[in-house]
Amino acid sequence: MDDKYTKTKFLVNGRQHSLEIDNRHTLLDILRDYLGLTGAKKGCDLGECGACTVLLDGKAVNSCQIFAARIKGKDVRTVEGLAQNKILHPLQISFIENDGGQCGYCTPGFIMAAYPIFESDEEMSIDEIKSSLAGNLCRCNSYGSIIDSVVHALEIKTDE
Amino acid sequence: MNEHSDYSPTVGTSYVRTDLKGKVLGTAKYTADLSLPNMLHARILRSPHPHANILSVDIDAALEMDGVFHVLTPFNVLKGKVAPDVPILDSRVRFVGDEVAVVAAVSIERAQAAIDRIEVSYEVLPFSTNVHDSLGSTNFPIHPQGNLVNGAPLVEARGNIEEGFNQADYVVEDSFTTPDHHPASLEPRAALASWDGSCLTMWKPSRGIHGDKNILASALDLNPHNITVIGPAMGAGYGSKDETRTSVLAALLSIKTGYPVKLELSREEEFLAGRRRHSTFTKIRMGIKKNGTITAVHAKTIMDTGAYLSSGPGVVRRAGQGVLYLYKCPNVKYEGQIVYTNTPTAGSYRALGAPQGHFALESLSDKASEKLGIDPLEFRLKNHVGPEGQPGERTTPMNQIIDTQPVEGGIPFSSNELRQCLKLGADAIGWDKRGNIQNSSGPIRRGMGMSMFIYRGGPGGQSKAEMSLDQDGFFTLNVGFMDVGEGSSTVVIQMASDTLGVPPGMVRINGGNTDKTPESPMTAGSTLTFSAGHAATEAAKQLRDIVINASVEAFGLGAPEDLYLSPTGVESKDGESISFLDIVRETGPLTTLASVIPGSKDYIVNSFGAHFAEIEVDIETGHIEIIKYVAAHDSGRIINPRLAEGQVRGGVSQMMGFTFLEDMEIDPLSGITLNANFLEHKSPTIMEYPDIEVIFADSVDPIGPFGAKSLGEPPCIAPAPTIANALYHATGVRINDLPFTPDNVLLAMKNLQ
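These figures come from a predicted structure and were not determined experimentally.

Visitor: I'd like a description of the overall build of chain A, backed by residues and values.
Guide: Helix and strand counts for chain A come out as five helices and five strands. Going from N to C terminus, chain A has its helices and strands arranged as β-β-α-β-β-β-α-α-α-α. Over its C-alpha atoms chain A spans a radius of gyration of 16 Å, differing by no more than 12% from the 15 Å that the globule rule assigns to 160 residues. When its C-alpha atoms are laid out on the principal axes, chain A stretches across 55 × 30 × 25 Å.

Right under this line is the structure:
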């Protein structure tokens, strides 16, 4: 049982990290077990549920499908990195105001999956928004409130 | 509340859910998010056989590995039981995935490597993956008492069905099946146990920490006083996360090793070793007269409980509630059998049997109305049980609390707005245009269907709440119940703060720890708003009087009857006031403990509703599209409309999985569950989410706290029969076997041609 470790440098939420990482571990393991960032959840560890969604160089990815070797030099953003100086991101505020979660286990994943939609300058139809979020499961089936939350956040952005 | 106060009540308003902030920030902690210093990780070795005796377990090679601390096997484990038919570990395995051995090691990877080195010798036994085989053979009882639980069905009856059927002009009958339906909570089960030499602390997803404490105490032969159960945020369970072996095994490993132990199930394990909805086989018949009245209803249901019994007796009873009580009828009979099979265990899952029972009953009801040549809505308006209850004589003694799902007649409901639900729902869907929307040519066929339901719920067990005015001038509600994600903390705070007359932001809620909270029943059976709401309201009333009396004694602030609480403190009608901070500085914290046994000796407390759907069926592909869905509910007064709507919309969408997609595929030749993952066990995504209109009947229950009744489970009962009836209306094809996957729909069409 030789555990193989690799020294890896990467950014998480703007902070530089340099860690000896077990090669068998995924980005999700690194976030949760090495860095204590447990916002991303392990719902399946198979890339099927989206609960572990984070941003890798700005793109929403299932962190459970990214092996450690792939994050060298990358910029990772998690749900913990959204609020700035305790001021919530408009998506977070909108999820609270529109009751966009029940048990909340899928919520960080949905917010991170919605983040690139929020950042994009392209206008998206409701169906396109749904399509972008189709890789995230919510077993409470709060889908109606989740759509409301994302759409409402986009409306606020446009108004500003 | 007092008319003098400038406080605006929040009951009836969509006050924002109190626990969402931590969830959107990613700081809310779930069990798997927790860790302790020197913590070990556990993995479980599971049976590859559906039924076998374990002859030996060789753990030597596993124990020799670096970093492996302990291995539990059926032969070195305590003889305690997790449930009456579930030993901590057993030398008999009863389904593919049953627990055989458990390893504690320094990492999950090391624990898994050790698992791979354990050698197990099995004596393979004959097995059954379906109820018919289990009942047909006595060669291989899965448990010593036999495969039919209790050796006989549960039988409940009112009147005489033979007489009822003799009076009938027509008898309609049919058979229905429902699948193994898995809640598949996004959070797999997990447990973190820490034993300090004399006391056990357990962090686990829980819907009843006090009950879980007693289960742990009994299984581990420990004094309950030496156990603390802490319920972190819970990634939902929908009723299914009741005690399994998970937490007991983690506890035992911590006791054996002296280190904290965390056990996290994988997604596949959650599918196998969690709890599923009972699959059912139901034969049902209904006697009707030409004038449209119902003379008798008789149903027989066989439920597959899988390898262990879990909450089967409660579930099988609820599957009969519709049969016994939804339609006004003097002669009814329900027989429910629970049968062991060598498949993953069934247990509680949101609405507990009612969806299965109502699928059969409400599909048959449409057949009955067709036989009579009358509109299905009209048939229900004519026959639904009314506020006066069922015909017959009350048998419950007058001084006893009424069961929430009685069999006898002669007892009225505390409130029953089913008729209002039928009418409001029909208006919203446009039922009067139903005859015009059908088309008999082309690949897309349109149709409209409906069904209705009754559900127990409301009063639960004895419920306690402790409430205090604290040193900082704020209030704390100490409660032993768990908010499992449905928002119960929020609505209970609303009720307590309205009772006091202070804003909900001034009331904190403390829960989730057995050491710090008074006993409370499980968040189960849609009883929490009712039971915990009563307890919190009672505690708030008591505390209000205590605070007022204290301010009279300490500050001479007029007569108690002239005083009330306001957002800032105690005020008098004459305009005098004293702040909460000043009061507690003088008196110290003020506390009270309320204990209530909710219920009624005069009325049945039930919830009702009616669902309607307009659908399009593509008869070339078998795909069904929901054009519009309407859910009309009588849940009494709605405490928080936004949360309540979320419950209904979520419940309906969740049951679209039951209706269209979800079925655990268990291979009859091997007993292996073939789709224990989200890719192959299809669940609804945001793409399938239909347009759902939620309507709440104008209803205020005289027994419920603030007029509220149950809500969490009721939305799950009517979706399947509503779609089944719409499908029949659209195509002329009635499908009695769920789920309505495209291939099942196409096959049914083909068989008809």
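Okay, back to it.
Visitor: For helix α5 (residues 143-159) of chain A, give the residues involved together with the corresponding values.
Guide: Over its 17 residues, α5 of chain A extends 24 Å from the first C-alpha to the last, a length consistent with the 24 Å expected when each residue adds 1.5 Å. Buried residues along α5 of chain A sit in contact with α2 (90-97), α3 (107-119) and α4 (126-132) of chain A together with α18 (641-660) and β28 (692-696) of chain B.

Visitor: If you had to explain the pairing of strand β4 (residues 59-62) of chain A to someone new, which residues and values would you point to?
Guide: All names here are of chain A. Side-chain alternation along β4 places Ala60 and Asn62 on a buried face and Lys59 and Val61 on a face that remains uncovered. As paired elements, strand β3 (residues 53-56) and β4 share four bridges and run antiparallel to each other. When the bridges of β4 are listed, leucine 55 appears paired with alanine 60. Two successive antiparallel strands, β3 and β4, enclose a turn made up of two residues, where aspartate 57 displays a positive phi of approximately 50°.

Visitor: An account of the interface of chain B and chain A is needed here, citing residue identities and associated values.
Guide: Of the residues lining the interface, 46 residues belong to chain B; the matching set on chain A comes to 44 residues. If you list the elements that add at least two residues to the side of chain B that touches chain A, you get α1 (20-25), α3 (108-116) and α18 of chain B. Here the side of chain B that touches chain A gets seven residues from one element, more than from any other, and that element is α18 of chain B.

Visitor: Run through the nonpolar core, naming residues and quoting values.
Guide: Residue and element names in this part refer to chain B. Grouped together as the largest cluster of nonpolar side chains are 259 residues, with contacts concentrated most on Ala42, Val103, Leu477, Ala496 and Ala536. With eleven residues, helix α16 (residues 528-555) is the largest single contributor of residues to this core. Setting aside anything within four residues of it in sequence, one finds alanine 536 in contact with Ala465, Leu477, Val479, Val492, Met495 and Ala496. Counting six residues, the second-largest nonpolar core is a separate cluster that includes Ile402, Ile411, Phe413 and Ile703.

Visitor: So what's going on with the domain arrangement of chain A? Residues and values would help.
Guide: Residues and elements named next belong to chain A. The domains assigned to chain A are domain 1 (5-81) and domain 2 (90-159). If you average the C-alpha positions of domain 1 and of domain 2, the two centres end up 22 Å apart. Counting residues at the interface gives 15 residues for domain 1, matched by twelve residues for domain 2. Elements with a minimum of two residues in the side of domain 1 that touches domain 2: β3 and β4. Of all the elements, β3 adds the most residues to the side of domain 1 that touches domain 2, at three residues. Here the side of domain 1 that touches domain 2 is composed, by residue class, of eight nonpolar, five polar and two charged.

Visitor: Which residues make up the packing of α18 of chain B against helix α19 (residues 719-731) of chain B, and what are the values?
Guide: Between two packed helices, both the angle of their axes relative to each other and the distance between the axes serve to describe the pair. Residue and element names in this part refer to chain B. Here α18 crosses α19 at 60°, and the two axes come no closer than 9 Å. With respect to their mutual orientation, α18 and α19 come out oblique. Here the hand of the crossing between α18 and α19 comes out right-handed. In contact with Val652, Met655, Met656, Phe658 and Thr659 of α18, α19 contributes Pro719, Ala720 and Ile723. Of the residues contributing to the contact of α18 with α19, the split by class is seven nonpolar, one polar and no charged.

What counts, and where the lines are drawn
Residues numbered from 1 in each chain as written. Chains lettered and ligands numbered in written order. Predicted model: local features only at pLDDT ≥ 70, side-chain atom pairs only at ≥ 80, totals over all residues. Helix = DSSP H or I, 4+ residues; strand = E, 2+ residues; numbered from the N terminus. Rg over C-alpha atoms; globule rule 2.2 N^0.38 Å. Expected span 1.5 Å × (residues − 1). Contact = placed C-beta atoms within 7 Å. Buried ≥ 20, exposed ≤ 12 C-beta atoms within 10 Å, placed from the backbone. Pairing = 2+ DSSP bridges. Core = buried A, V, L, I, M, F, W, Y, C linked by C-beta atoms within 7 Å. Domains from an automatic or database assignment. Nonpolar A, V, L, I, M, F, W, Y, C, P; charged D, E, K, R; others polar. Axes fitted to C-alpha atoms, helices over the stretch in contact; angles between N-to-C directions. Parallel < 35°, antiparallel > 145°, perpendicular 65-115°, else oblique. Left-handed = near helix turned anticlockwise from the far one by under 90°.

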